Amino acid sequence: MALLQQTWANAKLDSFTKPALLRAWQTNWPPETDLVKIIYDRNAAEVRVLGRWSGKSFATSFPVETDLAAALTQARAFIQAQSQR
């Protein structure tokens, strides 16, 4: 959690212990809002990025392997690229 907070200092962090709660969070989007959701899935060893920006949706994932910081750096660059379109 600390590394996620460090990467996105102004973001609201949530933690889910039940898959159903995570699925609900992933699919619940406020209408007509630019928003990005980042999911660190330890079991899958990946960081997933879901977003809507200027009416366009995007999604991708980055493998964590052994370096969460590197995956978060890649995710941050991807988000910046998507928000500049």
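Residues numbered from 1 in each chain as written. Predicted model: local features only at pLDDT ≥ 70, side-chain atom pairs only at ≥ 80, totals over all residues. Heavy atoms only, no water.

A look at the packing of aromatic side chains
Any pair of aromatic rings gets described here by the distance separating the centres and the angle formed by the planes.
Here's step 1: Counted under the stated rule, the structure contains three aromatic pairs.
Here's step 2: Where Phe 58 meets Phe 78, the ring centres are 5.6 Å apart and the plane angle is 75°; that geometry is what we call edge-to-face. One end of the pair, Phe 58, is in strand β3 (residues 56-63); the other, Phe 78, is in helix α3 (residues 68-83), and 20 residues separate them in sequence. For the pair shown, Phe 58 and Phe 78 are each scored as buried.
Here's step 3: Here the aromatic cluster, defined as three or more aromatic residues joined through ring pairs, consists of Phe 58, Phe 62 and Phe 78.
Here's step 4: In this structure, Lys 37 is placed above the aromatic ring of Trp 29, and the distance from its NZ or CZ to the ring centre is 4.5 Å. (Phe/Tyr/Trp six-rings, centres within 6.5 Å; stacked < 30°, edge-to-face > 60°. Helix = DSSP H or I, 4+ residues; strand = E, 2+ residues; numbered from the N terminus. Buried < 20%, exposed > 50% of the residue type's maximum accessible area, 1.4 Å probe, protein only. Lys NZ or Arg CZ within 6 Å of the ring centre and 35° of its normal.)

Structural notes on the nonpolar core
Here's step 1: Ranked by size, the top nonpolar core spans 13 residues in total, and within it Trp 8, Val 47, Val 49, Phe 62, Leu 72 and Ala 75 carry the most contacts.
Here's step 2: Listing elements by their share of this core, those giving two or more residues are β2 (46-53), β3 and α3.
Here's step 3: If one sorts the elements of this core by residue count, α3 sits on top with six residues.
Here's step 4: Aside from chain neighbours lying at most four places away, what touches Leu 72 is Leu 3, Leu 4, Thr 7, Trp 8 and Val 47. (Core = buried A, V, L, I, M, F, W, Y, C linked by side-chain atoms within 4.5 Å. Contact = heavy atoms within 4.5 Å.)

Overview of the side chain of Glu 46
Here's step 1: Among the structural elements, Glu 46 can be located in strand β2.
Here's step 2: Polar side-chain contacts of Glu 46 include one of 2.8 Å to the side chain of Arg 48.
Here's step 3: For Glu 46, the contacting residues outside a window of four places in its chain are Ile 39, Tyr 40, Asp 41, Ser 61, Phe 62, Pro 63 and Val 64. (Polar contact = N/O pair within 3.5 Å; in protein donor to acceptor, adjacent residues only side chain to side chain.)

A closer look at the pattern of salt bridges
Here's step 1: This model, assessed by the stated rule, comprises three salt bridges.
Here's step 2: Lys 12 serves as the salt-bridge partner of Asp 14, at 3.1 Å between the closest nitrogen and oxygen.
Here's step 3: One salt bridge connects Arg 48 with Asp 41, and the closest N-O pair in it is separated by 3.1 Å. The residues Arg 48 and Asp 41 share a single accessibility class, namely buried.
Here's step 4: Three or more residues are tied together by salt bridges with common partners; here these are Asp 41, Glu 46 and Arg 48. (Salt bridge = Lys/Arg side-chain N within 4 Å of Asp/Glu carboxyl O.)

Section: the side chain of Lys 37
Here's step 1: Locating Lys 37 in the fold gives a position in strand β1 (residues 35-41).
Here's step 2: No salt bridge is formed by the buried Lys 37. Its closest oppositely charged neighbour is Asp 14, at 8.2 Å.
Here's step 3: Side-chain polar atoms of Lys 37 contact the backbone oxygen of Trp 25, separated by 2.4 Å.
Here's step 4: If sequence neighbours within four positions are ignored, Lys 37 has contacts with Trp 25, Gln 26, Asn 28, Trp 29, Arg 48, Val 49 and Leu 50. (Lys, Arg positive; Asp, Glu negative; His and termini not counted.)

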